[in-house]
Number of protein chains: 2
Amino acid sequence: MEFLEQRIRKDGQVRPGNILKVDSFLNHQLDVDLLDEVGKAFYDRFKDKGINKILTVEASGIAIACMTARYFHVPVVFAKKARSKNIDGDTYTSLVHSFTYGKDYTVTMAKKFLGPEDRVLLVDDFLAVGKAMRGLIDICSQAGADVAGIGIAIEKGFQEGGSFLRSSGYDVCSLAIIDHMEDDGQIFFRQED
Amino acid sequence: MEFLEQRIRKDGQVRPGNILKVDSFLNHQLDVDLLDEVGKAFYDRFKDKGINKILTVEASGIAIACMTARYFHVPVVFAKKARSKNIDGDTYTSLVHSFTYGKDYTVTMAKKFLGPEDRVLLVDDFLAVGKAMRGLIDICSQAGADVAGIGIAIEKGFQEGGSFLRSSGYDVCSLAIIDHMEDDGQIFFRQED
């Protein structure tokens, strides 16, 4: 989507090691009007899929999930990264390796919020290797829920997450796909047909 | 606010030890239409305060902050609970004790997103002892930012956070204040004049 590519070009910062900083609008400071456009784009793409629930992983994904759910008028459920007193009863869990934090963590979701009756849209701010998204898919599989679509704000197209998910048959909508970044700050986006 | 008290009576669950479970609509599964009402209530209360930024702590607070920011059309910044590669440069930090997780943690915010020019609304889903909120106030103090108001969805009025903040001079708006809960499930809300 043009609007997100333009914003990345304007405010994103490339750092050595293929790191893209978008903390001024997407994952630390949040531009809520931009996130609203993201949510509307996911709605336009997936509105005919019968989606009745939106899933994400804390923390940045929550903002995108909420702004998307406004259009669908369905609940959000976010998987938690730490076991807390706020989750009790039976839970689904899946082990995820975070490259951002450099360690493994478990994502957890109460069983009562996901089941075979659900048609789910998964959303997140970034897709790179795809470990967090595979954790959510694993939880949906445990629940017998149907993954009707995957909405991603920024996909690092030079890492394997997107191609793995598409070749596995998932309907992935990434609003901006980066094919290549250079340390001088140049960003090359994938051109869609 | 009547709408939130009604929802707590309908879907909240009281557990022994003064625990109130609202995970079906506020902090695990999220009812986005309800959160929109929360955001509108905060806007109605604080719209004349010159607020130019909304601050919260990950994770549940992000949802409320985003739905509130839609009305103010100002950015959200959320403090992070773990040090990650996604925060670089100078940071504000404050030590917080979490009763939910039973341990201390550090909240972190990039300095570039908060400064003396900011008039800030702090929001969170719960106020009990008030440790997370004091962490945010500490960060605002370090930044020289002005705390123009504090918006809370559910305040546990029988714990000291609310009275501490009000006696310190902060303008606190809690949409539902619980004075007392009983193990049989009865919830007694504070009646405002």
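Just so you know, the residues in each chain are numbered from 1, in the order the chain's sequence is written. Ligands are numbered from 1 and chains lettered from A, in the order in which they are written. Only residues with pLDDT of at least 70 get local features here, since the model is predicted, and only at 80 or more are side-chain atom pairs given and counted; chain-wide, interface and lining totals rely on the full set of residues. Side-chain metrics rest on all non-hydrogen atoms present in the structure, leaving aside hydrogens and water.

Trainee: Teacher, can you tell me more about helix H2 (residues 32-46) of chain A here?
Mentor: Every α-helix carries 3.6 residues per turn, so stepping three or four residues along brings you back to the same face. In this model H2 of chain A runs 21 Å from its N-terminal to its C-terminal C-alpha over 15 residues, within 8% of the 21 Å that 1.5 Å per residue would give. With a 1.4 Å probe rolled over the protein chains alone, any residue whose accessible area is under 20% of its type maximum counts as buried; one over 50% counts as exposed, and the rest are partly exposed. Secondary structure elements are taken from DSSP: a helix is a run of H or I of four residues or more, a strand is a run of E of two residues or more, and numbering for both begins at the N terminus. Looking at H2 of chain A, one finds that the buried residues are Val 32, Leu 34, Leu 35, Asp 36, Val 38, Gly 39, Ala 41, Phe 42 and Phe 46 of chain A. The span expected for a helix works out to 1.5 Å for each residue beyond the first.

Trainee: Sorry, what's going on with the packing of helix H1 (residues 2-11) of chain B against helix H2 (residues 32-46) of chain B here?
Mentor: Each pair of packed helices can be summarised by the angle the axes make with each other and by the distance between the axes. All names here are of chain B. Axis lines are fitted to C-alpha atoms, over the contacting stretch for helices. Their N-to-C directions set the angle, which ranges from 0 to 180 degrees. In the contact formed by H1 and H2, the axes pass within 10 Å of each other and the chain directions differ by 150 degrees. Crossing hand, H1 versus H2: left-handed. Each of Phe 3, Leu 4 and Arg 7 in H1 lies in contact with H2, whose residues at this interface are Leu 34, Glu 37, Val 38 and Ala 41. In this classification, the charged set is Asp, Glu, Lys and Arg, the nonpolar set is Ala, Val, Leu, Ile, Met, Phe, Trp, Tyr, Cys and Pro, and all remaining amino acids, among them Gly, are polar. Its residues placed into classes, the contact of H1 with H2 shows five nonpolar, no polar and two charged. The crossing is said to be left-handed when, going from far helix to near helix, the turn is anticlockwise and less than a right angle, and right-handed when the turn is clockwise. The criterion used for residue contact is that any of the two residues' heavy atoms lie within 4.5 Å.

Trainee: Teacher, can you tell me more about the environment of Gly 151 of chain B here?
Mentor: All names here are of chain B. With respect to the helices, strands and loops of the structure, Gly 151 is situated in strand E9 (residues 146-156). The class for Gly 151 is buried, based on a relative accessible area of 0%. Taking the C-alpha atoms as reference, Gly 151 lies 6.7 Å from Asp 124; in sequence the two are 27 residues apart.

Trainee: Could you clarify how one ought to interpret the nonpolar core in this entry?
Mentor: The nonpolar side chains of a soluble globular protein tend to be buried with one another. Counting residues in hydrophobic clusters, the biggest one holds 84 residues, and the most contacted among them are Leu 4 of chain A together with Leu 4 of chain B. Among all residues touching Leu 4 of chain B, those that are not within four sequence positions of it are Phe 25, Leu 34, Ala 153, Ile 154, Leu 175 and Ala 176 of chain B. We call a set of buried residues a nonpolar core when its members are Ala, Val, Leu, Ile, Met, Phe, Trp, Tyr or Cys and they connect through side-chain atoms within 4.5 Å of each other. One finds Tyr 105, Ala 110, Ala 132 and Val 172 of chain B within the second-largest nonpolar core, a separate group that totals 28 residues.

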